[in-house]
Amino acid sequence: MWKGRFSQPTSELVQRYGESVSFDWRLYAHDVRGSIAQSKALLAAGIIDATEQAAIERGLLEIKAEIADGKFEWKPALEDVHMNIEAELTKRIGSAGAKLHTARSRNDQVALDVRLYCRDEVDEIIGLIKTLQRALIEAAERGEGAIMPGYTHLQRGQPVLFAHHLLAYVEMLGRDTARLTDARTRVNVMPLGSGALAGSTIILDRALVAKELDFPAITQNSMDAVSDRDFVAELLFAIALCGVHLSRLSEDVILWATAEFGFVTLSDAHTTGSSLMPQKKNPDVAELTRGKSGRLVGNLMALLTLLKGLPMTYNRDMQEDKEPLFDSIDTIKSALAVFAEMVSGMEVRAERTKAAASDPMLLATDLADYLVKHGVPFRQAHEIIGKLVAFSLSEGRGFADLQLTEYQQFWSGFDSSLYQVLKLDTALAARQSVGAPSPANVAAQLHRWREILSA
Ligand code: ARG
């Protein structure tokens with residue numbers, strides 16, 4: 001493509017070092033789509049005629065079909081997807097093909113292709129997030145009524161519903177969708193026409209190209225347009241955080257599936273055995289996802305590090321944006337899909353979660369609240385119940401098994417209504433504030449999410 005100025009061919013090693021077609025070939029459909037829009041702008045500007053434009057369009061669609069069928073021969077010597085397709089087009093249709101790159105550089109071309117690619121992928125990822133949210137809601141509904149301890153510091157804290165715990169992840173995933181949707185608005189800006197860095201003296205109708213490619217906006221600074229990869233960084237962050245959410249869910253599932261917790265069973269289809277220990281049923285899907293989330297964080301770091309030292313405008317370093325981007329997109333898509341399946345096959349063991357939630361200590365806060373409702377300042381109530389906890393532990397008897405007279409040694413105002421507080425169902429139903437896990441609240445949240453997800 002640049003043989004005019006050079007008298008020596010590119011070294012073999014440099015070719016292999018610099019080629020990107022082995023991974024950026026996957027942009028081919030977007031490259032073809034962008035080039036067809038470019039050809040229409042060239043036609044409108046009178047650079048090519050209608051016959052040439054038709055030949056370009058036909059040729060590109062033919063090439064695209066061959067690539068889709070796996071029949072296209074990629075040439076590493078032609079570096080990237082853009083030059084491979086352009087060279088093949090010119091080989092097939094001659095001079096019309098050679099006119100296609102007028103007023104265009106690979107710098108604005110690659111920026112366009114990556115934006116088109118990201119836009120499609122974001123939509124797919126959002127769809128997969130919704131599928132997982134639905135699976136979580138269904139699992140919550142299957143386990144309706146299952147009470148479990150909620151934890152802080154991985155120590156039993158207060159009773160919650162299993163459904164409330166799963167809905168916490170539905171919320172996180174909802175924010176992931178919101179973040180991706182927001183990032184998409186910055187992906188969705190059309191850079192073609194920025195040329196190498198300073199536009200062109202041949203004026204093409206950029207608005208026409210944008211309309212053709214369904215972009216609501218066009219970039220406003222040619223230098224920024226060819227060197228901007230903020231939208232990639234934003235996507236990698238949104239994906240990494242989504243991966244971190246999946247990793248936290250993984251950790252919960254892994255704990256729940258242990259003999260020690262025994263809170264859930266996973267289906268045989270989503271667990272694996274051991275080659276040595278016949279009894280094993282391992283939660284590999286969750287472990288792999290916890291592991292893969294590290295890659296997602298790493299990809300974000302790789303991109304930010306790649307960008308931080310770059311002067312204006314395009315620098316070849318930027319070719320290195322693609323592998324982390326592709327890897328994060330592939331990884332999150334497969335993680336979301338496999339997680340939706342695994343969650344669909346996950347059943348809560350309500351008798352086990354209930355047994356754990358029946359630890360009387362989980363209601364220590366409720367007892368303190370009882371004192372507050374009787375006029376005791378909270379800090380004092382906390383201390384009184386703290387002493388009661390110590391007493392209960394030293395006696396080896398739970399709160400329900402302590403006599404009223406024993407309670408009254410810690411605070412004289414206790415009466416027998418305190419035993420009402422110690423009922424798990426009453427305690428849960430009392431958690432009525434907005435966002436708290438009373439069964440009525442949780443049912444309303446399940447309903448709310450069903451509505452959101454069916455919209
Ligand atoms: N393959 C290149 C990339 O992904 C395309 C842009 C190349 N531009 C250039 N001036 N060498 O960044």
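Higher on the page you've got the structure.
Residues take numbers from 1 onward in each chain, read along the sequence in its written order. Local features in this predicted model are restricted to residues of pLDDT 70 or higher, and side-chain atom pairs are both shown and tallied only at a pLDDT of 80 or more, whereas totals for entire chains, interfaces and linings draw on every residue. As a convention, hydrogens and water are excluded, and side-chain values are obtained from all of the structure's heavy atoms.

**Concerning the layout of surface pockets**
Turning to step 1, where the next piece is worked out: In this model, the largest pocket occupies a volume close to 530 Å³.
Turning to step 2, where the next piece is worked out: Two kinds of site are reported from a 1 Å grid over the protein atoms alone, namely cavities, where a 1.4 Å probe fits but cannot get out, and pockets, open sets with protein on both sides within 12 Å along at least five of seven lines, and residues are called lining when an atom falls within 4 Å of a point. Every residue lining the largest pocket is counted, 23 residues in all, and those nearest its centre are Gly150, Tyr151, His164, His165 and Ala168.
Turning to step 3, where the next piece is worked out: Listing elements by their share of the lining of the largest pocket, those giving two or more residues are strand S1 (147–152), strand S2 (155–161), helix H8 (162–187), helix H11 (230–256) and helix H20 (439–454). Grid points are joined across faces, edges and corners, and a volume is the space filled by probe spheres set on the points. Helix and strand assignments follow DSSP, with helices taken as H or I runs no shorter than four residues and strands as E runs no shorter than two, numbered in order from the N terminus.

**A few points about helix H14 (residues 350–357)**
Turning to step 1, where the next piece is worked out: Under the scheme applied here, a residue whose accessible area is under 20% of the maximum for its type counts as buried, over 50% as exposed, and between as partly exposed, the area being computed with a 1.4 Å probe on protein chains only. Regarding H14, the residues found buried are Thr353, Ala356 and Ala357. Considered in projection along H14, the buried side chains sweep an arc of 100° and stay on one side of the axis. Among the exposed residues of H14, those oriented more than 90 degrees off its buried face are Glu351 and Ala355.
Turning to step 2, where the next piece is worked out: Residues of H14 that are buried in the fold lie against S1, S2, strand S6 (347–348) and helix H19 (424–429). By definition, the arc is the one covered by directions from the helix axis to the C-beta atoms. Every residue pair with non-hydrogen atoms within 4.5 Å of one another is taken to be in contact.

**Topic: the environment of Phe399**
Turning to step 1, where the next piece is worked out: Among the secondary structure elements, Phe399 is positioned in the loop between helix H16 (378–395) and helix H17 (404–410).
Turning to step 2, where the next piece is worked out: Classification of Phe399 as buried rests on a relative accessible area of 1%.
Turning to step 3, where the next piece is worked out: Once the C-alpha coordinates of Phe399 and Thr177 are considered, the two residues, 222 residues apart in sequence, prove to be 44 Å apart.
Turning to step 4, where the next piece is worked out: In this view, Phe399 contacts Pro360, Met361, Leu363, Ala364, Leu367, Leu388, Val389, Ser392, Tyr407, Tyr419 and Leu422; residues no more than four positions away in its chain are not counted.

**Some thoughts on empty space enclosed by the protein**
Turning to step 1, where the next piece is worked out: Counted according to the given criterion, the structure contains 2 cavities of 30 Å³ or more.
Turning to step 2, where the next piece is worked out: Taken as a whole, the largest cavity spans an internal volume of roughly 40 Å³.
Turning to step 3, where the next piece is worked out: Looking at the largest cavity, the residues that line it are Gln38, Ala103, Leu192, Gly193, Leu204, Arg206 and Val209.
Turning to step 4, where the next piece is worked out: Split into classes, the residues belonging to the lining of the largest cavity amount to 4 nonpolar, 2 polar and 1 charged.
Turning to step 5, where the next piece is worked out: Here the second largest cavity is characterised by a volume of approximately 30 Å³.
Turning to step 6, where the next piece is worked out: If you trace the second largest cavity, you find it lined by Gly243, Leu246, Thr289, Lys292, Ser293, Leu296, Ile332 and Ala335.
Turning to step 7, where the next piece is worked out: Mapped onto the lining of the second largest cavity, the elements with two or more residues apiece are H11, helix H12 (284–308) and helix H13 (322–344).
Turning to step 8, where the next piece is worked out: Among the elements that make up the lining of the second largest cavity, the one with the highest residue count is H12 (4 residues).
Turning to step 9, where the next piece is worked out: Classification used: nonpolar for Ala, Val, Leu, Ile, Met, Phe, Trp, Tyr, Cys and Pro, charged for Asp, Glu, Lys and Arg, polar for all others including Gly. Residue composition of the lining of the second largest cavity, by class: 4 nonpolar, 3 polar and 1 charged.

**Quick word on the pattern of salt bridges**
Once the charged atoms of two side chains with opposite charge are near each other, the side chains can pair.
Turning to step 1, where the next piece is worked out: What makes a salt bridge here is a side-chain nitrogen of Lys or Arg within 4 Å of a carboxyl oxygen of Asp or Glu, nothing more. Evaluation of the coordinates by the stated rule reveals 34 salt bridges.
Turning to step 2, where the next piece is worked out: Ionic pairing is found between Glu171 and Arg448, a salt bridge with its closest N-O pair at 2.7 Å. With Glu171 in helix H8 and Arg448 in helix H20, this pair connects stretches of sequence that are 277 residues apart.
Turning to step 3, where the next piece is worked out: Notably, a salt bridge pairs Arg295 with Asp327, separated by 2.8 Å at the nearest N-O pair. With Arg295 in helix H12 and Asp327 in helix H13, this residue pair connects regions lying 32 residues apart in the sequence.
Turning to step 4, where the next piece is worked out: Accessibility expressed as a relative area gives 39% for Arg295, which makes it partly exposed.
Turning to step 5, where the next piece is worked out: Put simply, Glu62, Glu66, Glu88, Lys91 and Arg92 are held in one network by salt bridges that share partners.

**Let's talk about the site of the ligand**
Turning to step 1, where the next piece is worked out: Residues in close proximity to the ligand include Ser20, Asp24, Asp80, Arg106, Asn107, Val110, Tyr314, Gln319 and Lys322, which together make up its full environment.
Turning to step 2, where the next piece is worked out: Whenever two N or O atoms come within 3.5 Å, that pair is a polar contact, provided that in protein one can donate a hydrogen and the other can accept it, and provided that, for residues adjacent in sequence, both atoms are side-chain atoms. At 3.4 Å from a nitrogen atom of the ligand is found a side-chain nitrogen or oxygen belonging to Ser20.
Turning to step 3, where the next piece is worked out: One of the side-chain nitrogen or oxygen atoms of Asn107 is found 3.0 Å away from a nitrogen atom of the ligand.
Turning to step 4, where the next piece is worked out: The Shrake-Rupley method, run with a 1.4 Å probe, gives the accessible areas here. Residue values count only the displayed protein chains as cover. Notes on the ligand: free accessible area 340 Å², of which the protein chains cover 86%.
Turning to step 5, where the next piece is worked out: Sorting elements by how many residues they give to the shell around the ligand places helix H7 (residues 106–142) first, with 3 residues. Being near a molecule or strand, for a residue, means having at least one of its heavy atoms within 4 Å of it.

**Some thoughts on the side chain of Gln109**
Turning to step 1, where the next piece is worked out: When you line up the elements, Gln109 lands in helix H7.
Turning to step 2, where the next piece is worked out: Overall, Gln109 belongs to the buried group, its relative accessible area being 2%.
Turning to step 3, where the next piece is worked out: When near neighbours in sequence (up to four residues on either side) are disregarded, Gln109 contacts Asp31, Ser35, His82, His101, Arg104 and Leu192.

**With respect to the environment of Asp214**
Turning to step 1, where the next piece is worked out: Within the secondary structure, Asp214 sits in the loop between helix H9 (206–212) and strand S4 (217–218).
Turning to step 2, where the next piece is worked out: Exposure remark for Asp214: the relative accessible area of 56% places this residue in the exposed category.
Turning to step 3, where the next piece is worked out: When sequence neighbours within four positions are dropped, the list of residues in contact with Asp214 reads Arg33, Arg119 and Asn188.

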